[in-house]
Amino acid sequence: MWMKPAGGSPQGGVLSPLLWCMVVDTFLVRSNKAGFYTQGYADDIAVLIRGKFPGTISGLVQTSVDLMNGWCQEYGLSINPQKDKATTRKSQTWLGKLQRLLCLMITGAISTTPSVAMEILLNIKPLHIEIEAQALSSAYRLMKLGMNYHSLTYEGHGRLFRRINEDGILAMHSDHQEKKYKSTYYSVSVEG
């Protein structure tokens, strides 16, 4: 029995990876020439886009997606939207560099010592995580003490309140109790 596929290559076929690499190479070259850092591994493609402003980044992402869609149409392929993934990563490089410098000064380690190793030895969390935790904790306390956070826009620091409201655990009622002092006076007498 012979089967002739109408398109694509069979899943798990011996030549499938080689055929895909030959086809996808044209996209990798085209995308890199367009100024996008593009890498392929097996059947995955990663496009790295860096920028300072969200508007600029989204414009570059859209240009890259348009380039990829054009290439797919040219070769009779399509992108599976359920497998697409976009991730963003805010740069905490200056906080990381500061923490690394402090760890090197505290431990006296040589400059090639990994930062993570020094953080573990010193039991120190990465600075950006600690700062975010402190900010969330402060915003939570302000919210529970009755600060009128509803008047804030959810931009800048107001995003902390939105995050607290969206998090099921943080949105729970607090067991915080106001301190109340009784004004009862006692007299003590010592008999000897």
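Our structure's up above, just so we're on the same page.
This structure is a prediction, so every number in the text was calculated from the model and none was measured.

**Examining the overall build of the chain**
- Helix and strand counts for the chain stand at six helices and two strands.
- Counting from the amino terminus, the chain carries its helices and strands in the arrangement α-β-β-α-α-α-α-α.
- In the chain, which comprises 192 residues, the share counted as buried stands at 14%.
- Of the contacts formed within the chain by residues at least 6 apart in sequence, a portion of 37% connects residues at least 24 apart.

**Comments concerning helix α5 (residues 127-144)**
- The first and last C-alpha atoms of α5 sit 26 Å apart over 18 residues, in line with the 26 Å expected at 1.5 Å per residue.
- All buried positions along α5 are accounted for by Leu136, Ala139 and Met143. Seen along its axis, α5 keeps its buried residues to an arc of 65°; they face one direction.
- Phi for Gly146, located one or two positions after α5, is positive at around 95°.

**Remarks on the packing of helix α3 (residues 93-107) against α5**
- The contact between α3 and α5 brings their axes to 8 Å, and the two run at 110°. With respect to α5, the element α3 is oriented roughly perpendicular. Every residue of α5 that contacts α3 at Leu95, Leu98 and Gln99 is listed here: Leu127, His128 and Ile131.
- For the contact of α3 with α5, the per-class residue count stands at four nonpolar, two polar and no charged.

**Thoughts on the pattern of salt bridges**
- The full count for this structure, using the stated rule, is two salt bridges.
- Arg30 is the salt-bridge partner of Glu74, the closest N and O atoms lying 3.0 Å from each other. Of the two residues, Glu74 is situated in helix α2 (residues 54-75) and Arg30 in helix α1 (residues 16-33); the sequence distance between them amounts to 44 residues.
- Overall, the relative accessible area of 29% leaves Arg30 in the partly exposed class.
- One salt bridge in this structure joins Glu130 and Lys125, with 3.2 Å as the shortest N-O distance.

**Things to note about the packing of α3 against helix α4 (residues 115-122)**
- Two elements in contact, α3 and α4, have axes separated by 10 Å at closest approach and are oriented at 60°. Classified by the angle their axes make, α3 and α4 are oblique. The hand of the α3/α4 crossing is left-handed. Contacts between α3 and α4 pair Gln99, Arg100, Cys103, Leu104, Ile106 and Thr107 from the former with Ser115, Met118, Glu119 and Leu122 from the latter.
- Here the contact of α3 with α4 is built from residues that sort into five nonpolar, three polar and two charged.

**A word on the packing of aromatic side chains**
- A full pass over the atoms with the stated rule returns three aromatic pairs.
- Measuring from ring centre to ring centre gives 6.3 Å for Trp20 and Trp71, while their planes differ by 75°; the resulting arrangement is edge-to-face. Here Trp20 is found in helix α1, whereas its partner Trp71 is found in helix α2, with 51 residues between them in sequence.
- Judged by its relative accessible area of 24%, Trp20 is partly exposed.
- For Trp71, a relative accessible area of 2% puts it in the buried group.
- Connected via pairs of aromatic rings, a cluster forms that spans Trp20, Phe27, Trp71 and Tyr75.

**Considering the environment of Asp25**
- Of note, Asp25 is situated in helix α1.
- Measuring from C-alpha to C-alpha, the distance between Asp25 and Gly40 comes to 8.3 Å, with 15 residues separating the pair along the chain.

**Focus: a nonpolar patch on the surface**
- Together, Leu98, Leu101, Leu102, Met105 and Ile106 line one region of the surface with nonpolar side chains, adding up to about 510 Å² of accessible area.
- Given a relative accessible area of 57%, Ile106 falls into the exposed group.

The rules we used
Residues numbered from 1 in each chain as written. Predicted model: local features only at pLDDT ≥ 70, side-chain atom pairs only at ≥ 80, totals over all residues. Heavy atoms only, no water. Helix = DSSP H or I, 4+ residues; strand = E, 2+ residues; numbered from the N terminus. Buried < 20%, exposed > 50% of the residue type's maximum accessible area, 1.4 Å probe, protein only. Contact = heavy atoms within 4.5 Å. Expected span 1.5 Å × (residues − 1). Arc of directions from axis to C-beta. Axes fitted to C-alpha atoms, helices over the stretch in contact; angles between N-to-C directions. Parallel < 35°, antiparallel > 145°, perpendicular 65-115°, else oblique. Nonpolar A, V, L, I, M, F, W, Y, C, P; charged D, E, K, R; others polar. Salt bridge = Lys/Arg side-chain N within 4 Å of Asp/Glu carboxyl O. Left-handed = near helix turned anticlockwise from the far one by under 90°. Phe/Tyr/Trp six-rings, centres within 6.5 Å; stacked < 30°, edge-to-face > 60°. Patch = residues over 30% accessible without salt bridge, like charges linked within 9 Å, V, L, I, M, F, W, Y side chains within 5 Å. Areas by Shrake-Rupley, 256 points an atom, 1.4 Å probe, with all protein chains shown as cover.

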